[in-house]
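What the coordinates show
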Amino acid sequence: MNTHQMFELAQALAHAKSRQDLSAALRFLHQDVLLESPPFGTRARGLRENEKALARFFASFPDYQVTLDGHAGNDATLVCWGTARMTMTGDRFGATPNGRRAELPVFLQFTFADGLIAGERFFLDLAELCAQSGVSTDQVRHTLLGGSA
């Protein structure tokens, strides 16, 4: 798979996630996919766990949109950068958000297998998301990561 093909697949996944289209997003993922989001302290392996993780993410950020503005890669890995726009909702994070839509840079690292996405690492600045959402970063980190925060 070349870098162009990998970026097209990452773009298609980004478009599906921006529509909160769970079934479409899952079609781009390998059966053994590993999704990691270090800022949120989450890891999901396999389609079933990823379906649950994405559903929980979409419930927390129902208007999530991501644009991928650039990429770099080699035969095994693709790194993308772009912008996420999202409104924190609910009480999953242990604080009451202000309802404002946050806009912040994101970085994603992808690996591939069998023409599908086999791994995704999703990075954003949790402190900036919290600041724009009007919640305490310390409280959110404690809720998400517990004693390791």
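Described below are features of the structure shown in this document. (Residues numbered from 1 in each chain as written. Predicted model: local features only at pLDDT ≥ 70, side-chain atom pairs only at ≥ 80, totals over all residues. Heavy atoms only, no water.)

A tally of helices and strands in the protein chain yields five helices and six strands. Element order for the protein chain, N to C, with α for helix and β for strand: α-α-β-β-α-β-β-β-β-α-α. Over its C-alpha atoms the protein chain spans a radius of gyration of 15 Å, differing by no more than 12% from the 15 Å that the globule rule assigns to 149 residues. Each of the three principal axes of the protein chain carries a C-alpha extent, and together these read 45 × 30 × 25 Å. Across the 149 residues in the protein chain, those meeting the buried criterion constitute 44%. Long-range contacts, defined here as pairs at least 24 residues apart, represent 56% of the contacts in the protein chain between residues at least 6 apart. Of the roughly 7400 Å² of accessible surface on the protein chain, a fraction of 50% belongs to carbon and sulfur atoms. Between the centroid of the 14 positive side chains of the protein chain and the centroid of its 16 negative side chains there is a distance of 4 Å. (Helix = DSSP H or I, 4+ residues; strand = E, 2+ residues; numbered from the N terminus. Rg over C-alpha atoms; globule rule 2.2 N^0.38 Å. Buried < 20%, exposed > 50% of the residue type's maximum accessible area, 1.4 Å probe, protein only. Contact = heavy atoms within 4.5 Å. Areas by Shrake-Rupley, 256 points an atom, 1.4 Å probe, with all protein chains shown as cover. Lys, Arg positive; Asp, Glu negative; His and termini not counted. Charge placed at Lys NZ, Arg CZ, Asp CG, Glu CD.)

For helix H1 (residues 3-18), with 16 residues, the first-to-last C-alpha span of 22 Å sits near the 22 Å given by 1.5 Å per residue. Listed in full, the buried residues belonging to H1 are Met6, Phe7, Leu9, Ala10, Leu13, Ala14, Ala16, Lys17 and Ser18. The N-cap residue of H1 is asparagine 2: its side-chain oxygen and the backbone nitrogen of histidine 4 are 3.0 Å apart. Just beyond H1, the residue with positive phi is glutamine 20, at close to 55°. (Expected span 1.5 Å × (residues − 1). Polar contact = N/O pair within 3.5 Å; in protein donor to acceptor, adjacent residues only side chain to side chain.)

Another point: unusual backbone geometry. For glutamine 20, which is not a glycine, the phi torsion comes out positive at approximately 55°. Tracing the sequence through the fold places glutamine 20 in the loop between H1 and helix H2 (22-26). Of note in this structure, aspartate 114 is not a glycine but carries a positive phi near 55°. Tracing the sequence through the fold places aspartate 114 in the loop between strand E5 (101-113) and strand E6 (116-124).

Their axes nearest at 9 Å, the elements helix H4 (residues 126-133) and helix H5 (residues 137-145) cross at an angle of 120°. Comparing their axes, H5 and H4 come out oblique. When you trace H4 past H5, the crossing you get is right-handed. On H5, the residues that touch Leu126, Ala127 and Cys130 of H4 are Thr137, Val140, Arg141 and Leu144. Tallied by class, residues from the contact of H4 with H5 come to five nonpolar, one polar and one charged. (Axes fitted to C-alpha atoms, helices over the stretch in contact; angles between N-to-C directions. Parallel < 35°, antiparallel > 145°, perpendicular 65-115°, else oblique. Left-handed = near helix turned anticlockwise from the far one by under 90°. Nonpolar A, V, L, I, M, F, W, Y, C, P; charged D, E, K, R; others polar.)

With four bridges joining them, strand E1 (residues 29-37) and E6 adopt parallel strand pairing. If you follow leucine 29 over to E6, its bridge partner there is isoleucine 117. Across eight bridges, E5 lies against E6 in antiparallel orientation. Looking at E6, one finds that valine 106 is bridged to leucine 124. Linking E5 back to E6 in an antiparallel pair, the connection comprises two residues, with aspartate 114 at a positive phi of about 55°. (Pairing = 2+ DSSP bridges.)

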